Structure formats: C-alpha cells, structure tokens
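Coordinate inspection notes
One-letter residues, chain by chain:
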Amino acid sequence: MLCNSFLGNVRCVKPPVLGRVPSSAPWSLSCPFTTLFAIFFLLVCVSPSFGQTAVLTQHYDNARTGENTTETILTPANVNPTQFGKLFTQSLDGMEAGQPLYVPDVFIPALNTTHNVVYAATLHDSVYAFDADSNQGSNASPLWWVNFLDPANGVTTLPVAGYVCTGTTGYTEFGIQGTPVIDTNRNAVYVLAMTLENGTYVHKLHALDLGTGAERFGGPVTISASVTIGNQIYRFIDKYQQQRPGLLLQDGIVYIGFGSPGCNIKTEMGWVIAYDGGTLDQVGVFNASPGVDASAIWMSGAGLAGDGAGHIYFSTGDGLFDANTGANHYGDSVVKLGQVDGVLRLADYFTPYNQQYLFKNDFDLGSGQVLLLPDQTGGKFTLAVDKDGTMYLLDQDNMGQFNPIGDTQIQQEVITPVLEEVHAGLTYWNHTVYLAAERTPVMAYSFTNGKLSSGPISQAPLATANPTGGIVSSNAESDGIFWYATYPTKKLFAFDATNLSVELYDNAMAGTRDALSPGMHFTMPIVADGRVYINGQTELSVFGLLPVIVAAAGNKQTGVAATTLPIPLKVSLQDPYTNKRVTTSGIPITFSASGKAGSFSRPTAITDSSGAATTSYTLSAKPGNYTITASSPGYANATFLVTATVGSPASLSISSGNLQKEPVASLLPVPLKVKIKDVKGNGISGMSVSFSDAGVGGALSTPTTTTDSSGYASTSYTTGIRSGVVSITAAAAGLSSVLKETVLAGPPSSPTIYSGNMQTVKAGFPASKLSQVKVADQYGNPVPGISVSFDDGGAGGSFSSNPVVTNPAGIAGPRYTAPPTPGTVTVTASVPGAGSVAFTLKVN
C-alpha cells in the first residue's frame, strides 16, 4: 500500500486507486486536464455547490479572526433546541487537541465518490478524513485514516510522565497537537506529528493527500533546526519542544511554532520553523530565546498569524526579555517576522513595560492569541491579549517594541474585567472584538476607527468554565452567532453575536439528547455549511439542523368536538439541508396535543418504508384551537393546527333567573339567562333565542336575543300588574325551557267589606256570619298576610280572634259575639297604613 511506503510507520484504512483526481475548493480547480483525462474531467471536476465554505486553517483564516461570514444555513432563527442539536459522532483513537478542518467536494479515489470532508488529528498520531454530512452506511467508517505509529518497531506516542501539564490538560499521551493546515491548490493537509522512536524524540512534518491520506512531496520530513548567534549554535531539541499552535500556510510556506503544551516545563524554547509546502525543504528558522529556556510559542492552540505580505505574527510565553539591550531574547512579547530570501528575520516586536511582572506571576503574553484586525482608516492593527486579560492594540507597521515606563507608545491598551485566565481568547466580527476568559462571561468590545471601546458593549448572561475564545458564523453582517465550547463541562453555547445577553442555544437545553462526550482542553469548534464540528477526547461531534418531521397531511382541519377528524394526521421525514424526503423506516413518532386534549388512535406511530407515519385524532369534547406536536428524539418537531367546533343544538337549559318573586310592576333582580348546548354540553354561540310570557302583561327588555361565545342568552323582565305565577318561555331551534316567576301583590290599599255587614245578632250570641274584609293593592290584587284589627268601640262584644291575617285571597275577619245589651253596634276593621272600614250590626 502506498500509505505504508514511508519507513513502515503509516497505515491506511482504505488504499488509494490509480487515476486519482484531486478535489477542488471553492476558489481552485486543480484537476489534471490532459487528453487522457478530458472526459473524466468533465464527469468529475465540477464546481462545488454555491455557498460552500472550506475551513483550511485554525480560526478560519490567517488573520485568526474566527469569523465565517458565508454561513447561510445556521441563523439565530433556527439555532434553538427545537430545530438544532447533535446529529452524529465519529469515534477517534485518541484526543483531538487541534481544531477540526473542513473541505467540501473532495474526491475519494478508494470510493470513487466525492464527499464533503472533515479532517481530525489526534494525540495518538492519527489523521482521519470523515464524511462531514453523515455517519450512515459506508460513511460510518472513515473515508481514510492514517496512523504514524508502529509499536512493533518501537514507534509510539510520547508518554505524559515527566510533563507537569497533564493534570491541567488531561492529556494521556503526546502526538499531534497543533491544528493542521490545508493547501487545496496542492491537495494536501500538513500535519506535525511527534513520536518516540526507540527512545528518540522525533517531530515530523507530513503532507497528506486530501483524498487518500498518502504522503506527498517525498514526505514526511524530520524536523531539524538550529540558529547561530555569534559563534554559538543553538539546536532544536525534540525532547523539550511541543508543537501546540495551529500551523500557518502563507505564500505556499508552512510555518510551525514550537514551545510547551500549555504548561511550561522550563526546558523548551520558542521556535518558528518554515518549510516549502511543495518540496518540504526548510526555508526559515527563528528562535525566540536562544540558549535560554522558556519563551514558548503556544498561544493555547491558536495559530501563527500571517498578513499575506510575508509577515508572521505570534506571542511568546514567560521567559527572558533583553531585546531592548541589543540581545536576542523575546519572553512575553508579540513578535513579527518577515520571510526574506529563504530566511526568517525579525521585523518588529512589542513587549509590555511590565514584562517582569507578567513573567514572575505567570501572566504570560503567550497564553493569548494574536489577531490581525481588518484595515482601518487609521491604519493596520494587531491585537494581542495576555493571560490576565489586558488587550494590546498594536500598529502593524510600528508595533512599539519596549518602553520601560509604560505602554504609551502603542495604539491602545485595554484592561478588561476578566476573573480568571485568558487562553487564546480573541474573536473578531463586524467591528466587534470578543474576549473569552475562564469563569468570566464572554464580552464584546466595539472596534471602530482604530480604537477599542473602553468597556464591553455586551456580555453573555453567565460565566462558564474554560472557554478558549470562540467563533462567529454569519451571512456577511447578518445572522451573526457567537459559538464556543467549554472544558471540562462538555457544553456547546451559541449567543446572538450582536447582543451576547441573548443565549440562543446550549446543549443542556435538550436534556440528554445533545450530550457531548468529554471535551478537550482548549476546545475549538468550527461552523461550516450548516454544521458545527467539535473536537473531543474520544470522538468528533457534529451538530446541526435536526432532521425535520413534516406535517404531510391532515393539517388545519376543523371538526365537531369529540368526533374523529376525517383525514388522518400524516408526517414524513425531511433533510433540512436538501429539503428532500428521507425514507427511513422504524422511526417512532410520538403525537401529543396541547392540554392533553383529545385522543389518538396511535399515540406513537412508526415510520414505514417511505418514511411516513400516520395516526387518527379524535377531537377534544371542548371546542377550541389545538396544537398537535409530532416528535421523535433527534428530529425537529412538526406541528398540526386543528379546530374543534360545537355540534348541533341539543338542549336549551335555564342558567339563572328562575323562580324569582317580586311585586307587580317590578324589575326582576336577576336577568333571565339560558344556555344552548350541543350533546357534549358545549355552549353554542350565535343562536337566536326568543322569550315570551304569553301576554300576561310583563315587559321583556329584549324579547329576542343572541347567544354569546359561551352559548348564553339573557334578558331582563319587568312584572305586570297582575299577581300570580308567570310562565316565561325561552325558545330556539325547536328547543325550549320555561322559567316560572311569582308576581306578588303590591302594598295594601284601603280595605273593603267582604261579608258580615248589616247583620242582626241576638244579644249575647255570635253572629251567623264572619265580619270579613278584603285587602287589595292598587291594581286590585289581593294582598295576603296583612294584619287586620277589629274594634266594636267598647260596646262590650267580643271577637273570635283579633287581629286577623288576610289569607291568599286577601280576606280576613273574625266572628263577632254581640254584647248582652240590645242596640246598634259599629265594628271597625283597620289596616295599618291603608285605612279602615266599618261594619253595622243590630243587636236584639
């Protein structure tokens, strides 16, 4: 196999085939166009899809901005736990310390197919090429995989024993640390691997074919370097050097930074070594601290920066600084190199005035990244940040070097309110610089006219553990999202990049569905073509738009409450990236209705071979609008909107106002209220209801009225001038109910003699007739219950009872017993407040 042809220590999963056609990137097309391959070219070398974005280097570009401004799929509108989440993972044989890379439309000869490819490199000295869109079918395995170890022949990764950083990083071995870099014109990914070969520490630069993983350009090349200062030669010693920064590719040259792995072992030096990407010949070496340990170049994994004009920028860690005295040591400095005639030369530098303080307190400048900001009207600027959160804005053409009394010579210095250490930390997008630090909310600073705002213009609502800066995805200046991941809390966050106080998503919002495997120290995700790729300890995680459950049939139906909708609810599955139907069977789809209303024939339906699932729905007995959700773990939900209406009128019932008692010509205190209901008891609105008392003389405020939204109709009733029981009928749609009201007599008027007047009574004996009066109101209605008093004016007679209460007919009267003396007797019947009447009796 071709992958095994170099020193016997490279293995490939899938062998290459002859006639490989290199992949093309959005800005290059490198397929061979010879007579032999003309037809093949037309078939295979096609332009990639519109909008595809390659991620070829750490933090997206050589300026290390961390911005992807061509992302049109992921937006603040769809990055939420309903539509966005974990899509799949790919297993790794070791920790992925560097950032993933991504290239669209890569031709894989072994499969004779073209794929969007994500590349991952591990501390176990492996490089993987995975399909970036799926892990299903043949994509469950790597498209190719190479490993640079050969234990049988003594080639292994470096053990962590003896390195003081493992408690911080969690590393279990040392292999590939720095983010590789890709050259699509040369169809190669460049990887720096460290191995232990029979006790010898070795660094090798590999140039691997993007489509096969095979070594290119005669590689790998073993790293060997030295610098001469005066008569002294200082050599690169592999054992003491770790390659942590992302590799830089500029003008066809690969630049590699060396130092410590983020925890100084005090025996490394900061080196930059350059190789021609086409020949792998060494074309430059720089040592930041010749002969003196430390001054590491590590930047928490951030890449060396390049300005496109032959200059390279980086920061160094704690170490000796004496360049201001004419010496050659650049501890805690921002360094600018120039590539001139195959030689790396110092072009400029900046060192904070308090470098000794930074050095002694482990606030080294080398923990933060160097970011080249877009050109401003005031010039070109470089931004650096130290571990303590101080940002240094430098003029690229005059970086300021060293001023022992203060950093007044530089463009700007901003002291930020970070609570703990900054690692890498910087991101730029749309006139905004973002700063992330441990246990500190991510902060945004404006950058206009060559100046940073003095304080944050927005910040995240919460502080999280160990972010290493972040990235921004956007569509030009729209739909900006700030992303970052944390270690060891295994969290992915997304915030509105224009207002960090707005959190769009974090993977805990979806419960266990989006759980991440253990993250890496200095985790750095990327966003490319609608997906997020996150490096981890055991796997590469891919997040993106969840497959969509689509309402295929039965949406927006209306039916009578408690009846089954005529059209079953049907869903299908859809790829959110292609909008094409997905024919996956066996997916459980759970249907649920708002308020748990109604019922389903199948609350959980399984997709068939066409990717569809159906259920029938019986509406709630209560009318209204209902939302039905179709859901499945790992899929974006579908919703149906259905309406339950009332049925036909089934009853007209009395709600209130029945059995009232009020005097004549009076308004009943409680309105007469009825309700029209369907068979399920739901009120029916809009029904015309008529009220009638059959002409007994009362008055209805609205003889005909309409039921309200709850099915109620009401009217007020004023009694007539006749007392008694009144029947008021409410009728509608062939239904009726009768309300019974009692009309009481009014106040008593003057009493009248009813019987017993002008009787002749034998002295000492009772009269044959009762002396009765009748009490009525002004309308002649008898008034019961009225007390009537009788008096014979002292004639000496007696009454059977006195006073006497009127009966229901308004009549009251006692029997009178005459006195013993004959004569004429006048008996007076009195009604308090109503007057009296006199009876005349003749006593014989």
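How each quantity is defined
Residues numbered from 1 in each chain as written. Predicted model: local features only at pLDDT ≥ 70, side-chain atom pairs only at ≥ 80, totals over all residues. Heavy atoms only, no water. Helix = DSSP H or I, 4+ residues; strand = E, 2+ residues; numbered from the N terminus. Buried < 20%, exposed > 50% of the residue type's maximum accessible area, 1.4 Å probe, protein only. Contact = heavy atoms within 4.5 Å. Areas by Shrake-Rupley, 256 points an atom, 1.4 Å probe, with all protein chains shown as cover. 1 Å grid on protein atoms, 1.4 Å probe; cavity = no way out; pocket = protein on both sides within 12 Å on 5 of 7 lines; lining within 4 Å. Points joined across faces, edges and corners; volume = space filled by probe spheres on them. Nonpolar A, V, L, I, M, F, W, Y, C, P; charged D, E, K, R; others polar. Pairing = 2+ DSSP bridges. Salt bridge = Lys/Arg side-chain N within 4 Å of Asp/Glu carboxyl O. pLDDT = per-residue confidence, 0-100. Core = buried A, V, L, I, M, F, W, Y, C linked by side-chain atoms within 4.5 Å.

When helices and strands are counted, the protein chain shows three helices and 73 strands. If you line up the protein chain on its principal axes, its C-alpha atoms span 170 × 70 × 50 Å. Taken across its 844 residues, the protein chain has 54% of its residues classed as buried. Within the protein chain, residue pairs in contact and separated by at least 24 positions form 59% of the contacts whose partners lie at least 6 positions apart. Carbon together with sulfur atoms contributes 52% to the accessible area of the protein chain, which is approximately 32,400 Å² in total.

To locate leftover empty space, one rolls a probe as large as a water molecule over the atoms. Taken as a whole and assessed by the stated rule, the structure comprises six cavities of 30 Å³ or more. Roughly 80 Å³ of internal volume is contained in the largest cavity. Around the largest cavity sit 14 residues that line it, and Gln-58, Ser-300, Gly-301, Phe-522 and Met-524 are the ones nearest its centre. Among the residues forming the lining of the largest cavity, the class breakdown is five nonpolar, eight polar and one charged.

Across the sheet, five strands lie side by side as β64-β73-β72-β67-β69; this open sheet has mixed pairing. Both outer strands of the open sheet, β64 (759–761) and β69 (804–805), are each paired with one neighbouring strand and no more. Two strands pair when backbone bridges link them, and strand β72 (residues 823–831) and strand β73 (residues 835–843) are joined in this way by nine bridges, in the antiparallel orientation. Paired with Gly-823 across the strands is Val-843, a residue of β73.

Let us now look at the pattern of salt bridges. Tallied over the entire structure, the rule returns eight salt bridges. The partner of Arg-531 in a salt bridge is Asp-133, and the shortest N-O contact between them spans 3.1 Å. Of the two residues, Arg-531 is situated in strand β40 (residues 531–534) and Asp-133 in the loop between β6 (126–131) and β7 (144–147); the sequence distance between them amounts to 398 residues. Among the salt bridges present, the one from Asp-362 reaches Lys-387, with a minimum N-O distance of 3.0 Å. Of this pair, Asp-362 sits in the loop between α3 (355–360) and β25 (370–372) while Lys-387 sits in the loop between β26 (381–385) and β27 (390–395); the two residues are 25 residues apart in sequence, bridging distant segments of the chain. On the basis of relative accessibility, which here comes to 6%, the residue Lys-387 falls in the buried class. What you see here is one network of salt bridges that share partners, running through Asp-183, Arg-186 and Asp-276.

With that settled, the discussion passes to unusual backbone geometry. At the junction of Gly-219 and Pro-220, the peptide bond is cis and its omega measures out at 0 degrees in the coordinates. You can see Pro-220 is positioned in the loop between β13 (200–209) and β14 (221–222). Of the consecutive residues Asn-802 and Pro-803, the connecting peptide bond is found in the cis state with omega at 0 degrees. In this structure, Pro-803 sits in the loop between β68 (798–799) and β69. The phi angle at Asn-449 is positive, at roughly 50 degrees, despite the residue not being glycine. With respect to the secondary-structure elements, Asn-449 resides in the loop between β32 (440–448) and β33 (451–452). A relative accessible area of 60% places Asn-449 in the exposed class. A positive phi is found at Asp-529, a non-glycine position, where the angle reads about 50 degrees. Note on placement: Asp-529 falls in the loop between β39 (526–528) and β40.

Attention now goes to the layout of surface pockets. Space inside the largest pocket adds up to approximately 610 Å³. Surrounding the largest pocket, 22 residues form its lining, Leu-87, Asp-133, Ser-134, Gln-136 and Pro-547 being those nearest its centre. For the lining of the largest pocket, the element with the highest residue contribution is strand β3 (residues 84–91), accounting for three residues. Considering only residue class, the lining of the largest pocket consists of ten nonpolar, six polar and six charged.

The residue Ser-632 is located in the loop between β51 (624–631) and β52 (638–645) in this model. If sequence neighbours within four positions are ignored, Ser-632 has contacts with Ile-549, Ile-587, Pro-588, Ile-589 and Asn-637.

Right, let's talk about the confidence of the model for the protein chain for a bit. Summing up the model confidence of the protein chain, the mean pLDDT is 91 and the portion of residues at 70 or higher is 93%. Of the regions scoring below 50 in pLDDT, residues 1–50 engages in 102 contacts with residues more than four places distant in sequence or in other chains.

Within the largest apolar cluster, 36 residues are counted, with the highest numbers of intra-cluster contacts made by Tyr-255, Val-272, Phe-286, Leu-304 and Phe-314. Looking at this core, the elements with two or more residues in it are β18 (253–258), β19 (271–276), β20 (282–287), β22 (311–315), β23 (334–340), β24 (343–351), β25 and β27. Counting 34 residues, the second-largest nonpolar core is a separate cluster that includes Val-55, Ala-485, Ala-528 and Tyr-533.

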